[in-house]
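Coordinate analysis (summary)
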Amino acid sequence: MSADAESRPYPPLTPYLTVSDAAGAIAFYVEAFEAEEIERALTPDGQKVMHAEVALNGGLIMLSDDFPESPTEGSTPEALGGSPVTLHLSVDEPEALWERAVAAGAEVTMPLERQFWGALYGRLRDPFGHHWSIISAVEPISDEELREGASEAFPEHAGD
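These lines cover the structure that appears in this document, whether it is placed above or below. The structure presented is a predicted model; accordingly, all values stated were derived computationally and were not measured. (Residues numbered from 1 in each chain as written. Predicted model: local features only at pLDDT ≥ 70, side-chain atom pairs only at ≥ 80, totals over all residues. Heavy atoms only, no water.)

1. Quick look at the overall build of the chain
Keep this limit in mind: Secondary structure is summarised from DSSP: a helix means a run of H or I of at least four residues, a strand means a run of E of at least two, and numbering begins at the N terminus for each. A 1.4 Å probe rolled over the protein chains alone gives each residue an accessible area, and that area as a share of the maximum for its type sets the label: buried under 20%, exposed over 50%, partly exposed in between. In what follows, residue pairs with any heavy atoms lying within 4.5 Å of each other are defined as contacts. For the accessible areas, the method is Shrake-Rupley and the probe is 1.4 Å, while residue cover comes only from the protein chains on display. Neither His nor the chain termini are counted; the positive set is Lys and Arg, and the negative set is Asp and Glu. Here the site of a charge means atom NZ of a Lys, CZ of an Arg, CG of an Asp or CD of a Glu.
In terms of helices and strands, the chain carries five helices and eight strands. For the chain, the N- to C-terminal ordering of α and β elements is α-β-α-β-β-β-α-β-α-β-β-β-α. When the backbone C-alpha atoms are referred to their principal axes, the chain occupies close to 60 × 30 × 30 Å. Taken across its 160 residues, the chain has 37% of its residues classed as buried. For the chain, the share of sequence-separated contacts (at least 6 apart) that also reach a separation of at least 24 residues comes to 52%. Here the chain has roughly 9,300 Å² of accessible surface; of this, 53% comes from carbon and sulfur atoms. In the chain, which carries 8 positive and 30 negative side-chain charges, the distance between the mean positions of the two groups comes to 1 Å.

2. Details of the side chain of Q115
Here is the rule we go by: Under the rule applied, a polar contact is a pair of N or O atoms within 3.5 Å (in protein, one hydrogen donor and one hydrogen acceptor; residues adjacent in sequence only if both atoms are side-chain atoms).
Within the secondary structure, Q115 sits in the loop between β6 (107–114) and β7 (119–125). In this structure Q115 comes out as buried when scored by relative accessible area, which is 11%. Here the side chain of Q115 touches E113 through a polar contact of 3.1 Å, landing on its backbone oxygen. Those residues within four positions of Q115 in sequence are excluded, and the remaining contacts are M110 and Y121.

3. Focus: the nonpolar core
What tends to happen in soluble globular proteins is that the nonpolar side chains get buried as a cluster. Test applied: For the purposes of this section, nonpolar cores are sets of buried Ala, Val, Leu, Ile, Met, Phe, Trp, Tyr and Cys residues that join through side-chain atoms within 4.5 Å.
Counting 30 residues, the largest nonpolar core has Y29, F33 and L63 as the members making the most contacts within it. Mapped by element, the contributors of at least two residues to this core are β1 (16–19), α2 (22–33), β3 (49–56), β4 (59–65), β5 (86–90), α4 (94–104), β7 and β8 (131–137). In terms of residues, this core owes the most to one element, α2, which gives seven residues. When residues no more than four places from it in sequence are discounted, the contact partners of Y29 are L17, E34, A35, L56, D126, F128, H130 and W132.

This is how it looks when you write it as structure tokens:
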């Protein structure tokens, strides 16, 4: 991190992503999610990103290229066969963000639709293997409506 970074306040929780192409990921996040690049530190040969930061939706994401020669031995979603982690974006205009992300190359893994819990929600996978959920509140629902919706969505877990 740069000296400037050390003096900046950081959010209490910041995800740190390892990707196969950090420069490409930064460009994707800027285009798809309107992120703002804050910092980028390259290896001495200028070929890889050692550390980068992007501001996104009021938060911060740190990222770097994969360094399989390091003790992590390849820690991108591609190297690990996928990722169980989802980055969750709560936004006011989910349709516009969704369209930008898909146009930029995100793969739809769950369509953006109204869900039984009363929100507009969908999931994407970025070109680097990370999962993103996009959500916006639509309408409040009662506990009974939530239970009924959950029973329909998960019939194998519905009580008698």
